[in-house]
Every structure is written in structure tokens, then in C-alpha cells.
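What follows is the residue order along each chain.
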Amino acid sequence: MRISKLSKRILSAVLFAAVLAASEIGLSRALEPLSFAEWFAKDLRAIEKEGQDAELVIVGGSRTFRSFVPQVLEDGLGFGCVINGGSALQSLSGSYYQLKELIARFHPRYAVLAVTWNGLTYGIGTQSNLIVLDRLSGLNRLEFIKNGFTNEDRLSALLKSYRFRDNLDPEALSRIRAERKTLSENNGEPFLSDGDIYYDTGFVYSYGSIPQGNVPVTHHGIYDWTQIHGDRVEYLDKIVALCREKGVELMLVSAPSTMMQICNIDSYQLAVDYYEEYAAENGLIYHNLNFLKGREELLPDTMFMDYNHLNGEGAHVLSGIYSEILAKDMAGGDTKEYFYSDLSELKESLERIVAVDAEFIPLEEQGRYEVRLSSLHGDGVTPYYALYVKNADGSLEGICGWTREENIPSVSISVGTSIVVRAGTRGDDSEDNIAWQEYKF
Amino acid sequence: MPLVSFSFAIFAILTVLVYFLMPGKYRWTVLLAASVIFYASYGVKYLVYLAWTVGVSFLGAGRIESINAETKRKSSEGGPGADDKRAVRAAGTARKRRLLAFIMLMSMGLWAMLKYGNFLIGNINALLSLAGLGWQAPGIPLAVPLGMSFYVFTAAGYLTDIYRGKYAAERNIAKYALFVGFFGHIVEGPFSRYDRLSPTLFAGGRFDYDRLLEGLRRMLWGVFKKTVIADPVGIAVSTVIGSGGEGFSGAAVLFAAVLYGVQIYADFSGYMDIVCGLCRVMGVQLEENFRRPYFSGSVEEFWKRWHITLGAWFRDYLFYPVSMGKTAQRLGRSMRSRFGAEAGKLVPGYFALIFVWTATGLWHGAAWRYLIWGWLNLAVIVCSMHLSGSYDKWRAALHISGGSRLWRLFAVVRTYLLICAFRAFSISPSVHAALSMFGRLFTSFTAPSLEGGIMSLFTGLEPRNVIAALAGTLALLTVDILEENGKWESVKASCPMPLRHVAMAALIFSVVLFAGQSPDLTGSFIYAHF
């Protein structure tokens, strides 16, 4: 049978396109590690298959997908379906497109946007946008490729094999193979990996826990108006406009961090004021869950997996409280009673040392150090400090007794020693709520 | 805009689309607009230099052609005898020569000032210091615009051709501007000749599907060579040679020198593949700049296969004029009378070669190491020309056939190593560093281990990139061997379509998976710095 030149060309082009597509799919499949997105997509397909809509969707960064348990919110609010669309480092542009996708597919009545200061100020990471991109489809996905990425990053957005090429490494490939094998043995069900397990419609259960008083002090600088990027605010406005257009009631929330984080950031109140003002201007409800009354009892350090994220247990507690607050908001009630009015009020109520930090400066004499101590605490609290050597059996041996001094001029510390620094409000060992840190030399 | 980048990809796609949407006779205007945009992307202010070269050379060529026409008319007018006609032609030639010299000064003089001014001032200052004088001349605070070393020479070649009456001058300044500033050759060549490029440049070729595929395949091959071979290999080269070999063994220096040969070939020929491929899509035929140069059996042959258009330019516009000029001819006659006919025949050529290789060295860079590089090439070429007869005798005495494969292999490897050795001067930070590196070959030649030694030279690269570069080099070598033996076309033709598609997909995904460090897959091309 004679094939015309045109037909040969068409056949050749189609075959070439097929070879390219097969190569991209094969390579990306081999190189792409397992992610929460796979189970999230599966859950959403199951919801769609049942013909269900979601009453509430939540979007935001990592504190979103680790803090809000859909099942608990469904029970608390009497909803049939709640979807947690949070993802790691989700930018405001990512939240916009994620929300757009969820609204189009599940027609929620309510949407919650989890907001942070970083969302207004940090550079948008390619990786975080790629995570959102994997959750989008159709024209929404194409629009996000156009608007959410720079020229340099567009190749990552268009080709997964490019994005995951760093996994073309024996160790990484072996790990991916092992994960896929475990997935298969688990019949496609989620499994525990690195202390996390995908749990329920976007929520991830984390098993990590910080011992009470042992939150390490981070150095996250100062919040400043000059840090705000105009294009981030633009996406915040776009989210508000999208919800208005689609008849979705939008609420803003800030998920909880540890008390260390709240006390540690200079001008943290600036972020609170910004969002309160923004919410008021746009007729939105905003809650900062860090200001929950009774949070010290409800969400102690042990409910956090790290300085900034609740663990699974903490998420369940928080979701229970939040569903109560939301229910009252939705009924038009006043929920001010649940919260401290501002950071000052919160810190006034704080009666413990939240976190302690020590800096060891080597002195001229070998093995001797100057120790500079500092702590984060409630406003009415005076810190006392003590230094110990930790013995091999775990017992503590005092090297500097309780003192209010923040500078210890000279301490002898040999290599291989562990030093424990403790801070308390009473200046003795009787206190329950001691803050402490261990330093290995 | 870098050639391997998203912005260039968008630029190329839009240029091709608009080119073919435009009616045929206006398509060259699309190339002109694209060339202006392309060059302006490197800096709008550089357009001023380009405009100056275009303006001066266009006007000059027109004037020279007028003198040509006037001289021809006057000498063909009835009446004057042969002597008068000779006088008219001589007067015309003298006028032309003065005008040509003036225009060259205007055009090339600016380039020379920007490129060599600080080199000259640096040497003067060194002499002043040696003489104990405190005063130092100030430097020129301007850099050579990108591509100026290419377009100034393109214009100079055109002017010389008009001077020689080779073809008629272009009457349309916009077309002439396109010829000089064409994006296909402005950054790294090739050096185009007006009579060879203009037919396809201004023709507004029809869309041809086979040409489109051919062009795209060639572009892909160029991107592969640049990103998978040249850039990763270049990391090891700059690790060793960038530091002048300090802290590295002689073996590492040798390895880096050999690698540099791979890097510069893959880089430069990769660039050529990209621009030639893009031009091919639009039916524009650029001249080839490479013909499997590393298969050369001698340095002389190498320069007929490497950067072919540069060599041809120096041959046509420097070597022939100098070797046929009065000084060289006088020298030849003098040599003939003292040393015989052979000397009389060769010396004018040697004399011209001194100019050619000095100019070639300086063209590559304004520094003594480039001059030394040029002179080393000259020395080897002259020696092998002079001793070619003796070589034949020695080979015959040793019963080695000059046509044998073994001899050819020896000649090829010898030539490659010589070229790599000469390049040590052009890429080292200084002459001293280059000599120091040579010294290491003899004083501290310790073979590095595969694990900590060779791999550690590829700083910051994953082993997969190094393996891919090696595989890419082998692929490049295989293609070159097949081309050299005239088998490449038949291999391509006999390859089944699915296999061809798999090969293309393999090239594309090799670039995607193994291309160098930069997020947009690019590093700058080497020859753009000349």
C-alpha cells in the first residue's frame, strides 16, 4: 500500500510525539519519589466519584496540612466533607490556584486561607509551586505554569524528568524503588515514612514530639513593613475576589506555632495587626490561633513535632477547638472570648520560661568557655539559670547552680561532654515547667 | 541572550513564525529586525558600534565602487594610448587604496583601539616602570562590544572584495546592515562572504518541511554538544588550568589540556550547529566552520578544518596580499639570488605567515600568551613545510608507509597533542602560568586516581554528569569517524524511522537530565569572548 508523503510525515510526527511522551512518563515515574500528593489526588477522586461536594476547603502552607484534621472538622461542624488543600511552603499564588481548583471541583460554601508573615515576604520557592502544580489540572494548571514560574523554572514545571533529575543517583533510585515496593505491599494505602503518615483528605499525621520546655531557640529576625512584596498582596486580593465571585465565604486563620516562636520574633504583633486590618477592610474573619486562651494547657510543647508545626495529636486537639470557633462564626456569633486580644496580653498571662539558649565562647585557655545565657519567657517572669554536666547514665551533675546571671565568665568543658542548660522561674529544681537545652561538645 | 536559553528558544520560534508569515520578498526584513533585537539584548548601547561599522563600510564600499566605475569608464574612453590608460588605472587604484585605508582605519581602528589599546598601554607602562619613570599612562575605560571582532572583519572582507571588483556593492543599506549584523554569525561567526551568503539571506526561502526537520535536528545536536559535553568538561578544565595548574600534578594538567580540546570543539561546533540549524530552517545557508578538525594529520591541515572561515579570511585578505606584495616579492628575489629557487619560492610565504599568525594570535586576545600561541603554530607549520621532504625520506628509510593507518593514527594523535599544548598558552591566565604547567609534565607527573583525583576535578558535578559527558564525547567521536569515512549519510538513511525517533528522544532527554549546572541549561560560549 502506497503511503503518501504527507501521511508519512504525519505518522512520523505522531510516532515521535509518542516516543517523547513515553520517555517523559517513564523517566518521571522512575525518578519521582512518593509524595502526599498521590494520596491526596486519590482521596479527591473518591469524593468526586461519590458525587459529593465539600462544605469547607482549607489552603495554606505546611502548618495547614499538619494542623487541620478534616474528619474532626466535619464532626464538629456537621459537614459531610472538608478538604485540607495545604502543602509545603505554599505561596499565596499557590493558594490562589489550589483554591481555584478546589472551588471548581467541589463547590464549597466556605474556604479558609491559612496566612503567615512569610507568605507576604519570602521569595516564592520553585519547589513549593511545583508541589501545588502537581495538584492542578487543565487550564488552571496551564495558567499557573504561565503565572507562577519564571522562565528559568518553567522547564521544571513542564517536564517532571527535569525536576527529578537529581534522583538519577543509585541511592535515590534505590530509595524510590523501596517506597514503591512498600506502597504495593500496602495495597496502595499510606504508610509511615520519616515520622509522617498521610491520614485523611490532605491532612498528614506527624508522630514527632518535643519534650516540654525543650524547644530550641531559632533566630528568625524581625518582621518589618518593608519586607512585604506587592505581588504577594496581589494574590491575597485575588483570593478574596475569587471567593466573592464564586460565592464562597472566605476566612483567614494563622495556625499555631510553639510559644518559643511567638515570643522569639520581634514585632510579631506587626503580622497580627496586618492581617486583622486586612480582614477588617475586606469584611473577613481572621483568627490567630496562637492567641487561643488556655493554649498553654491545650497545646503544650509536646503537641508539636518541631518549633513550628503541630504533631498529629496536637492537630486533633486544635481541630476540635477550631471547629467550635468556626461553628460560632458561621452562626454569626462573637468568638472574641476564645482569644487574647494581642501579644502583650498573651505574654502577660505566660508564667513560664518558654525556651532557653546558650552561647559557648572559647577562651584562650584550652577547654574553657565563657557562657552567655538567654531565654524567652512571659512578661512578668524573671529567669534563673543553671548548668549541668550530663553523665553517661543520664544523671545531671551541677557545675553552676541557679543564678540570675546571664553571663558565666568561665566554665571548664572537655570534648565529649554534654552540657545541659536549664532555666526556671523559681531558681530551684522544684519547678515542673523548666526550659532546657542540651549541648554536645 | 544566551543561545541555550528559554529566551533564545522563544526568539527563534517567533522569528521563524514571522519569517514564514511574511511575503517572500520582505522576509529579509524579519531577519534584520530579529538581528537588531538579538544584538540589542546584549546591550542597546552596543548597537552604536555596529551602526558605525555598517555606516562607514557601506558608504565606503559605495565610494570605492564609484571609483572603480569611473576608472573603467575613463580608461575605456576612446583616444588615450596604452600608457595613458595605465596611468588612469594607476591613479584610480591609488585613490581606491587611500580610501580603503581610510575606511579600514575608521572601522577596524575603533575595534583595534578598544581591543588592543589597554594591551599597548600596559606594555608601555611596563617599559616606563623598567626605565624608572613614575608616570603611568591611563587605561581605556571601554570594553570591546560582543561580536565586534566578528562583524568588523566581515565588513572589512566585504570592502576588500568591492575594492577588488569581485562583485557589485549592495545598494540597500538595510540589506547591508543585515549582512553585517546578522544574528546567525554576529556573536561567534562564521565569517561570511557577501557573495556566498546574500543569495540565501535575501531570497526569502519557502517553507520546506524536510529543511525544518534537518535544521531542528542540527540545533538539537548543537545543544547536546554544548550542555552535555562542553559545559561539564569545562569544569574540570577551569579547575586545573584556571589556576595555572597550581596544586595539580603534571598528569592532571595533561588530562585537563586534552579535555580542553574536547570542550572547545564541542562548545564551538555546538554553537555552529545551533545557528546553522536555525538558519537552515529559514533556508539561509551559513558557511561551515568545522570539518572534523581532530582528524588532521598536521597542524597545517588542522587550520584548514578548524574555524575554517577565519583561516580563509586571513588567507584571502592578509596572506595573499602580503605574499604577493612588493616587499615579499623583493624578499623572494633576494632569497632566490642568495639561496636558490626553493628559498625564493618559500620565503615570501613564510614572511606572509608571520603576519597571519601574529594577527591570528592577536585576534584571539590582546595578551602576550595569544601572540606566543600564534607563533607556536607558525613555527610548527613552517618547520613541517620546510622539512616535509626530509620527513618523507626518514619515513621511507624506516619503511613506514605514509598512507598506512598506523601512520595516520600517529599523525592524528601527534597533531591533537600539539594543538592541546599550544592552547595551554591561550587559556592559561599568563605566559608564566603556561610555562609552569608545562614544567609540571616533567617535574611532577603523578597519575591521579579515578576516585579522589579525576572525579575531584569536576567540582560540584554529580558522577552522572561526568559519565554522560564521556558517553557524549564517544558519540561525537563516532559521528565524526563516520562522517570522515563518508558513511554517516548512508547510516542515517538506512536507520529505521522508529530508531531515529528514539535517538532524537535520547538526545533531548540527555540534555534534560544531564545538562550543566545552570537552571536554564546555559553557560556562555567560549568563542564569544574573542
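Calculation rules
- For every chain, the first residue of its written sequence is number 1, and the numbers climb from 1 along that sequence.
- Written order determines the labels here, with chains lettered from A and ligands numbered from 1.
- It should be noted that, the model being predicted, local features are given only for residues of pLDDT at least 70 and side-chain atom pairs only at 80 or more, the latter also being counted only at that level, while totals for whole chains, interfaces and linings use all residues.
- With hydrogens and water excluded, all non-hydrogen atoms of the structure serve as input to the side-chain values.
- Secondary structure elements are defined from DSSP: runs of H or I of at least 4 residues count as helices, runs of E of at least 2 residues count as strands, and each element is numbered from the N terminus.
- Burial status follows relative accessibility: with a 1.4 Å probe on protein chains alone, a residue under 20% of its type maximum counts as buried, one over 50% as exposed, and anything between as partly exposed.
- Charged residues are defined here as Lys and Arg on the positive side and Asp and Glu on the negative side; His and the ends of the chain fall outside this count.
- When a carboxyl oxygen of Asp or Glu lies within 4 Å of a side-chain nitrogen of Lys or Arg, that pair is called a salt bridge.
- In what follows, a contact means two residues having at least one pair of non-hydrogen atoms within 4.5 Å.
- The residues that make up patches have over 30% relative accessible area and no salt bridge, and they are joined within 9 Å when like-charged or within 5 Å when they are Val, Leu, Ile, Met, Phe, Trp or Tyr.
- Exposure was quantified through the Shrake-Rupley algorithm and a 1.4 Å probe, taking into account, for residues, occlusion by the shown protein chains and nothing else.
- Lys charges are placed at NZ, Arg charges at CZ, Asp charges at CG and Glu charges at CD.
- Buried area adds together the accessible area that both of two parts lose upon being put together, with accessible area traced by a 1.4 Å probe.
- Nitrogen and oxygen atoms within 3.5 Å of one another constitute a polar contact, given that in protein one can donate a hydrogen and the other can accept it, and given that sequence-neighbouring residues count only through two side-chain atoms.
- A helix's residues, less one, multiplied by 1.5 Å, set its expected span.
- Pairing between strands requires that DSSP locate at least two bridges from one strand to the other.
- Lines fitted to the C-alpha atoms define the axes, with helices restricted to the stretch that makes contact. Angles between their N-to-C directions range from 0 to 180 degrees.

(A) Structural view of the side chain of B:Lys96. All names here are of chain B. Within the fold, lysine 96 resides in helix H4 (residues 82-130). Despite its burial, lysine 96 pairs with no opposite charge; the closest candidate is glutamate 65, at 10 Å N-O. Beyond its immediate sequence surroundings of up to four residues, lysine 96 is in contact with Ile64, Ile67, Asn68 and Tyr163.

(B) Highlighting a positive patch on the surface. On the surface, a cluster of positive charge is made up of B:Arg97, B:Lys326, B:Arg330, B:Arg333 and B:Arg336. Counting residues per element, the positive patch draws most heavily on helix H12 (residues 326-339) of chain B, which supplies 4 residues.

(C) Structural context of a nonpolar patch on the surface. Residues and elements named next belong to chain B. A contiguous nonpolar patch, built from Ile10, Ile13, Leu14, Leu17, Val18 and Leu21 and spanning about 600 Å² of accessible area, is present on the exposed surface. With respect to the helices, strands and loops of the structure, isoleucine 13 is situated in helix H1 (residues 6-21). Overall, the relative accessible area of 51% leaves isoleucine 13 in the exposed class.

(D) Seen up close, the environment of B:Arg414. All names here are of chain B. With respect to the element layout, arginine 414 can be found in helix H15 (residues 405-427). Owing to a relative accessible area of 31%, arginine 414 belongs among the partly exposed residues under this scheme. In sequence terms arginine 414 and serine 298 are 116 residues apart; their C-alpha atoms lie 8.0 Å from each other.

(E) How the structure looks around the interface of chain A and chain B. Counting residues at the interface gives 22 residues for chain A, matched by 22 residues for chain B. Across the chain A/chain B interface, buried area totals approximately 2,000 Å², and carbon plus sulfur atoms make up 69% of it. Taken as a group, A:Arg9, A:Arg165 and A:Leu168 account for 28% of the area that chain A buries against chain B, more than any other trio of residues on that side. The closest approach of N and O atoms between A:Asp166 and B:Arg464, which form a salt bridge, is 2.8 Å. Our count for the contact surface shared by chain A and chain B stands at 5 residue pairs in polar contact (both at pLDDT 80 or more).

(F) Molecular detail of helix H14 (residues 268-282) of chain A. All names here are of chain A. Under the 1.5 Å per step criterion, the end-to-end length of H14 is 22 Å for 15 residues, consistent within 8% with the ideal 21 Å. Every buried residue belonging to H14 is among Tyr268, Gln269, Leu270, Ala271, Val272, Tyr274, Tyr275, Tyr278, Ala279 and Asn282, and all of these are buried. In this structure, the buried side of H14 is in contact with helix H6 (118-121), helix H12 (230-246), strand E6 (249-254), helix H13 (259-264), strand E7 (285-288) and helix H17 (343-349). One or two residues past the end of H14 sits glycine 283, with phi positive at roughly 65°.

(G) A look at the pattern of salt bridges. Residue and element names in this part refer to chain A. The full count for this structure, using the stated rule, is 40 salt bridges over all chains. The partner of glutamate 38 in a salt bridge is arginine 180, and the shortest N-O contact between them spans 2.9 Å. In this pair, glutamate 38 is assigned in helix H2 (residues 36-49) and arginine 180 in helix H11 (residues 170-185), connecting sequence segments 142 residues apart. The class of arginine 180 is buried, set by a relative accessible area of 17%. The closest approach of N and O atoms between lysine 100 and glutamate 143, which form a salt bridge, is 3.0 Å.

(H) How the structure looks around the sheet that holds strand E3 (residues 110-114) of chain A. All names here are of chain A. Strand order across the open sheet formed by 5 strands is E2-E1-E3-E6-E7, with parallel pairing between neighbours. Two strands close off the open sheet at either side, each with one partner strand: strand E2 (82-84) and E7. Averaged over neighbouring strand pairs, the angle between their axes works out to 20° when direction is ignored. Judged from the 4 bridges that link them, strand E1 (residues 56-59) and E3 form a sheet pairing that is parallel. From the neighbouring strand, leucine 56 faces E3, where its bridge partner is tyrosine 110. Packed on one face of the sheet, helix H16 (residues 312-330) meets E1, E3, E6 and E7 and runs near 160° to E7.

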